[in-house]
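Here is how the chains run, residue by residue.
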Amino acid sequence: MKQVKGLRLLVLGGLVVVVVAAFVIARTSGPDPVTTTGARYAVTVTADRSAVDIRVDRGEADTVAVAAVMPAMGHAVPEVTARKAGPGHFVAEGDLFLMNGAWELSVRLAGRSGEETLTLNALVTE
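Rules of the game
Residue indices begin from 1 for each chain and proceed along its sequence in written order. Two thresholds apply to this predicted model, a pLDDT of at least 70 for residue-level local features and 80 or more for giving and counting side-chain atom pairs, whereas whole-chain, interface and lining totals are computed over all residues. Excluded from the side-chain calculation are hydrogens and water; included are all heavy atoms of the structure. Paired strands, in this sense, are two strands between which DSSP finds at least two bridges. Numbering goes from the N terminus for both helices and strands, where a helix is a DSSP run of H or I of at least four residues and a strand is a run of E of at least two. A fitted line through C-alpha atoms serves as each axis, taken over the contacting stretch for helices, and the angle formed by two N-to-C directions is quoted from 0 to 180°. Only rings of Phe, Tyr and Trp enter the pairing, Trp through its six-membered ring, and a pair is recorded when the two centres are within 6.5 Å. The plane angle decides the type: under 30 degrees is stacked, over 60 is edge-to-face, the rest tilted. To sort residues, take the accessible area from a 1.4 Å probe on protein chains only and compare it with the maximum for the residue type: under 20% means buried, over 50% means exposed, and anything in between is partly exposed. Among buried residues, the Ala, Val, Leu, Ile, Met, Phe, Trp, Tyr and Cys ones that are joined through side-chain atoms within 4.5 Å form a nonpolar core. Contacts were defined at the residue level, with two residues in contact if any of their heavy atoms lie within 4.5 Å.

Q: Tell me about the sheet that holds strand 1 (residues 34-37), residues and numbers included.
A: If you trace the five strands from one edge of the open sheet to the other, you get 1-2-3-7-6, paired in antiparallel fashion. The two strands at the open ends of the sheet, each matched to only one other strand, are strand 1 and strand 6 (83-86). Geometrically, the sheet is characterised by an average inter-axis angle of 25° between neighbouring strands, direction not taken into account. Strand direction decides the pairing type here: strand 6 and strand 7 (residues 89-93), joined by three bridges, are antiparallel. Paired with G86 across the two strands is H89, which belongs to strand 7.

Structural data, given as structure tokens:
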């Protein structure tokens, strides 16, 4: 009887460890990237409260700008020009997001491939 009770406690303890580890990994893994494709460009975007990281997967963009709206709350943030961080890599920094939640991003790209605005949804967290 004591062995069964001890085994149950051991299993319960193991489950607690697994749940805590999963929570810690989920909190530190960062935001999920979102990919979208248009006629001229394809981008992968990762957004958090401090920055929006834009990877141009298709097309040759010279400039990238990002605007954000949160339709559920009626928030809109003016367009921010992203700085070029490397070939096909741009980063927009500043006060793009007023709060955590579901945001709609408009990514405006211009370059040799022409100009295009791509729209995508991003879940912004700390």
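From this point, things continue past the structure.
Q: Could you give me a rundown of the packing of aromatic side chains, with the residues and numbers involved?
A: In this structure the tally under the stated criterion is one aromatic pair. With a centroid separation of 5.3 Å and 70° between ring planes, the pair formed by F97 and W103 is classed as edge-to-face. Since its relative accessible area comes to 6%, F97 is described here as buried. By relative accessible area, W103 is classed as buried at 1%.

Q: A description of the nonpolar core should follow, citing residues and the corresponding values.
A: Among the nonpolar cores identified, the biggest contains 27 residues, and V52, I54, F97, L105 and L109 are the most heavily contacted of them. Mapped onto this core, the elements with two or more residues apiece are strand 2 (42-47), strand 3 (51-58), strand 4 (61-70), strand 5 (75-81), strand 7, strand 8 (101-111) and strand 9 (114-124). If you tally residues by element for this core, the top one is strand 4, at five residues. For I54, the residues in contact, after removing those within four places along its chain, are V43, T44, V45, V64, V66, A82, G88, H89, F90, A92 and V107.

Q: Any chance you could break down the sheet that holds strand 9 for me, citing the residues and the numbers?
A: Across the sheet, which stays open at both edges, the four strands sit in the order 5-4-8-9 with antiparallel pairing between neighbours. The strands lining the two open edges of the sheet, one partner per strand, are strand 5 and strand 9. Direction aside, the axes of adjacent strands within the sheet are offset by 20° on average. Alignment of strand 8 against strand 9, held across 11 bridges, turns out to be antiparallel. Residue pairing across strands places S106 opposite T119, the latter belonging to strand 9.

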